[in-house]
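In case you want the letters, here they are:
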Amino acid sequence: MTVGASGSATTRGPVRPEPGAGALAADLGPGPGPDQGAGFGPGFGPGFGIDPDDLPDGLVVADETGRVIGFNAAAARITAVAAADALGSPLERALPLEDLEGRRWWALTDPYGGLLTRFGQPERNLLLPGGREVLVSARYVRAHPQGPVRRLVISIRGTEARRRTERSHAELIATVAHELRSPLTSVKGFTATLLAKWERFTDDQKRLMLETVDADANRVTRLIAELLDISRIDSGRLEVRRQPVDIGTAVGRHIQSITASGQSPDRFLVRIQQPLPDLWADPDKIDQILGNLLENAVRHGAGTVTIEVAPAQVKHVDHGHAEHTHADGGAKGTAVTVSDEGPGIPEESMARVFTRFWRGSKRGGTGLGLYIVKGIVEAHGGTITVGRGPGGGAQFRFILPVGAPAYLK
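Cut-offs and rules
- Residues numbered from 1 in each chain as written.
- Predicted model: local features only at pLDDT ≥ 70, side-chain atom pairs only at ≥ 80, totals over all residues.
- Heavy atoms only, no water.
- Helix = DSSP H or I, 4+ residues; strand = E, 2+ residues; numbered from the N terminus.
- Buried < 20%, exposed > 50% of the residue type's maximum accessible area, 1.4 Å probe, protein only.
- Contact = heavy atoms within 4.5 Å.
- Areas by Shrake-Rupley, 256 points an atom, 1.4 Å probe, with all protein chains shown as cover.
- Pairing = 2+ DSSP bridges.
- Axes fitted to C-alpha atoms, helices over the stretch in contact; angles between N-to-C directions.
- Left-handed = near helix turned anticlockwise from the far one by under 90°.
- Nonpolar A, V, L, I, M, F, W, Y, C, P; charged D, E, K, R; others polar.
- Parallel < 35°, antiparallel > 145°, perpendicular 65-115°, else oblique.
- Expected span 1.5 Å × (residues − 1).
- Phe/Tyr/Trp six-rings, centres within 6.5 Å; stacked < 30°, edge-to-face > 60°.
- pLDDT = per-residue confidence, 0-100.
- Core = buried A, V, L, I, M, F, W, Y, C linked by side-chain atoms within 4.5 Å.
- Polar contact = N/O pair within 3.5 Å; in protein donor to acceptor, adjacent residues only side chain to side chain.

Enquirer: How should I be thinking about the overall build of the protein in this particular structure?
Expert: Helices and strands together make up the secondary structure of the protein, namely 9 helices and 17 strands. Buried positions account for 41% of the 409 residues belonging to the protein. Here the analysis covers contacts within the protein between residues at least 6 apart in sequence; of these, 61% occur between residues at least 24 apart. When the accessible surface of the protein is totalled, it reaches about 22,100 Å², and 53% of it is carbon and sulfur.

Enquirer: Would you take a moment to explain the pairing of strand E7 (residues 120-127) for this structure?
Expert: Regular strands place their side chains on alternate faces of the sheet. Bridge count between E7 and strand E8 (residues 133-142): 6 bridges; the pairing is antiparallel. The residue of E8 that forms the bridge with Asn125 is Leu135. Taking the residues between adjacent antiparallel strands as the criterion, E7 and E8 are bridged by 5 residues, where Gly130 takes a positive phi near 95°.

Enquirer: Just to check I follow, could you spell out the environment of Pro56 for this structure?
Expert: Structurally, Pro56 can be placed in the loop between strand E4 (41-42) and strand E5 (58-62). Residue classification places Pro56 among the exposed residues on the basis of a relative accessible area of 64%. The spatial distance from the C-alpha of Pro56 to the C-alpha of Arg157 is 8.5 Å, given a sequence separation of 101 residues. Those residues in contact with Pro56, other than ones at most four positions away along the chain, are Ala74 and Arg77.

Enquirer: What exactly am I supposed to notice about the packing of helix H8 (residues 283-300) against helix H9 (residues 369-379) here?
Expert: For any two helices packed against each other, the geometry comes down to the angle between their axes and how far apart the axes lie. Between H8 and H9, the shortest axis-to-axis distance is 10 Å and the interhelical angle comes to 145°. Like other packed secondary-structure pairs, H8 and H9 cross with a definite hand, here left-handed. From H8, Lys285, Gln288, Ile289, Asn292, Leu293 and Asn296 reach across to H9, where they touch Gly369, Leu370, Ile372, Val373, Ile376 and Val377. Residues that form the contact of H8 with H9 fall into these classes: 7 nonpolar, 4 polar and 1 charged.

Enquirer: Is there a simple way to explain the packing of helix H7 (residues 247-260) against H8 in this structure?
Expert: Here H7 crosses H8 at 45°, and the two axes come no closer than 10 Å. Classified by the angle their axes make, H7 and H8 are oblique. Between H7 and H8 lies a crossing of right-handed hand. Contacts from Ile247, Ala250, Val251, Arg253, His254 and Ile258 of H7 reach H8 at Ile286, Asp287, Leu290, Gly291, Leu294 and Val298.

Enquirer: When you look at unusual backbone geometry in this model, what are you seeing that I'm missing?
Expert: The general pattern is negative phi for most residues beyond glycine and trans for most peptide bonds. The step from Gln274 to Pro275 runs through a cis peptide bond, and the omega angle for that step is -5°. In this fold, Pro275 is placed in the loop between strand E11 (268-272) and strand E12 (279-281). The backbone phi angle of Ala80 is positive, close to 60°, even though this residue is not glycine. Here Ala80 lies in the loop between helix H1 (73-79) and helix H2 (83-86). The class for Ala80 is exposed, based on a relative accessible area of 71%. Here Asp110, not a glycine, exhibits a phi torsion of approximately 45°, which is positive. Within the secondary structure layout, Asp110 lies in the loop between helix H4 (105-109) and E7. What makes Asp110 partly exposed here is its relative accessible area of 34%.

Enquirer: Would you explain helix H6 (residues 203-235) in this entry?
Expert: Owing to its 3.6 residues per turn, the α-helix aligns residues three or four sequence positions apart on the same side. Between its first and last C-alpha atoms H6 spans 48 Å; for 33 residues at 1.5 Å apiece the expected length is 48 Å, and the two agree. Turning to H6, its buried residues are Lys206, Met209, Val213, Asp216, Val220, Leu223, Glu226, Asp229, Ile230 and Ile233. Count one or two residues on from H6 and you reach Gly236, which has phi positive near 70°.

Enquirer: Explanation requested: the packing of aromatic side chains in the structure shown.
Expert: Remark: the centre distance and the inter-plane angle together describe each pair of aromatic rings, the angle taken between the planes. Scanning the entire structure with this criterion turns up 1 aromatic pair. With a centroid separation of 6.1 Å and an interplanar angle of 80°, the aromatic rings of Phe354 and Phe396 are classed as edge-to-face. With Phe354 in the loop between strand E15 (331-339) and H9 and Phe396 in strand E17 (residues 394-401), this residue pair connects regions lying 42 residues apart in the sequence. Since its relative accessible area comes to 12%, Phe354 is described here as buried. The class of Phe396 is buried, set by a relative accessible area of 7%.

Enquirer: What is the right way to read the confidence of the model for the protein from this model?
Expert: Interpretation of this model should avoid reading the predicted coordinates in detail wherever pLDDT is low. Within the protein, residue pLDDT values average 79, and 79% of them lie at 70 or more. The low-confidence segment residues 1-48, where pLDDT is below 50, has 85 contacts with residues more than four positions distant or belonging to other chains. Per-residue pLDDT stays below 50 along residues 317-329; that stretch engages in 27 contacts with residues further than four places along the chain or on separate chains.

Enquirer: Before we go on, may I ask you to explain the nonpolar core in this structure?
Expert: One recurring pattern in soluble globular proteins: nonpolar side chains tend to sit buried together. Among the nonpolar cores identified, the biggest contains 45 residues, and Ile307, Phe396 and Phe398 are the most heavily contacted of them. Considering each element in turn, this core owes the most residues, 7 residues, to H8. If sequence neighbours within four positions are ignored, Phe398 has contacts with Ile289, Leu290, Leu293, Thr334, Ala335, Val336, Val377, Thr383 and Ile384. Of all hydrophobic cores here, the second largest spans 25 residues; its members include Ala75, Val136, Val149 and Ile154.

Enquirer: Help me understand the environment of Thr79 in this model?
Expert: Examined against the element boundaries, Thr79 turns out to sit in helix H1. By relative accessible area, Thr79 is classed as buried at 13%. In contact with Thr79, other than residues within four places in its own chain, are Phe71, Leu95, Leu128 and Ile156. Here Ala75 takes part through its backbone oxygen, which lies 2.6 Å from a polar atom of the side chain of Thr79.

Next comes the structure, spelled out in structure tokens:
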């Protein structure tokens with residue numbers, strides 16, 4: 001049976017692809033119900049318009065004799081085998097897969113002569129000729145339980161996305177190991193020295209070493225908190241506990257903390273446009289956002305750091321991400337802009353600013369802060385952007401919707 005873009009189906013023998021048509025010819029199931037196409041389930045029936053060539057993954061179908069009767073465009077692209085060459089040929093010739101130990105996969109699994117209770121193979125890494133890795137899963141379609149295999153349906157995917165994920169995890173582990181090693185070495189060194197030679201140090205020397213240990217312990221704590229935040233963001237489990245937040249007061253508190261550590265108060269310019277809408281947000285996470293953005297401006301920027309807080313209009317919210325406009329109408333929101341007068345961020349780097357491990361300079365940091373900031377802002381239903389400020393430096397702007405809890409509406 002051939003399923004084309006129109007969703008219609010006709011039964012025939014081994015099929016050769018017609019120009020412009022999907023190269024799938026298979027009756028995959030026991031027959032269509034009133035609301036479904038032939039064996040594809042709900043959604044593939046007449047009128048839905050699904051062509052096998054529209055599928056993002058490779059789809060290969062073999063009949064009860066092991067000959068290929070379906071081979072879509074993605075399968076041809078992934079395997080570098082033309083659909084015309086694959087159709088009608090034995091499965092082992094059209095799709096000569098091997099496992100990672102070099103064993104021929106179809107001979108090893110024996111889908112047609114193996115156990116009658118098996119209904120498929122889970123996804124696993126296999127090798128095409130030339131050593132290219134692909135992810136392959138298979139479904140054995142039987143006419144009835146423990147009956148012979150009527151159709152063999154194989155899905156093929158490239159491993160590029162998985163490789164990117166694995167590289168990202170490897171980079172994260174390497175970064176964490178590097179960032180943890182330095183403070184833990186310091187903590188271990190100073191504590192061991194104090195324990196072994198306590199009487200030889202003056203009170204001032206002891207205080208200096210203990211302050212260093214305390215600072216390094218705080219650094220480890222911050223890194224662990226960042227890792228937990230990344231885990232929650234990636235899994236969609238970042239919780240937002242909304243409370244009334246005075247964003248102007250929060251900005252002032254962060255500036256006081258920075259100036260207490262040695263920065264000049266004259267370096268900061270705060271502009272707050274009143275009246276501001278009542279903002280409901282997670283105060284701890286707002287502190288994380290402000291702390292990261294101000295620390296970046298101080299560490300990587302130069303000149304005056306300007307913080308502007310103003311009301312904004314939220315046009316609409318779609319799947320947790322807000323789209324904002326200054327036009328009249330729409331929901332109320334609050335916009336916070338942090339800009340400096342440093343060298344700024346190169347245009348070619350702006351698309352990568354909110355990705356993991358991006359660093360604007362070699363002045364330390366894990367490169368995880370802005371990734372976390374973006375995740376927190378989006379968890380509130382807001383957006384964050386980066387650009388060039390009036391003074392030529394970096395400018396970060398985030399906008400949060402008012403976000404009052406449902407029980408107050």
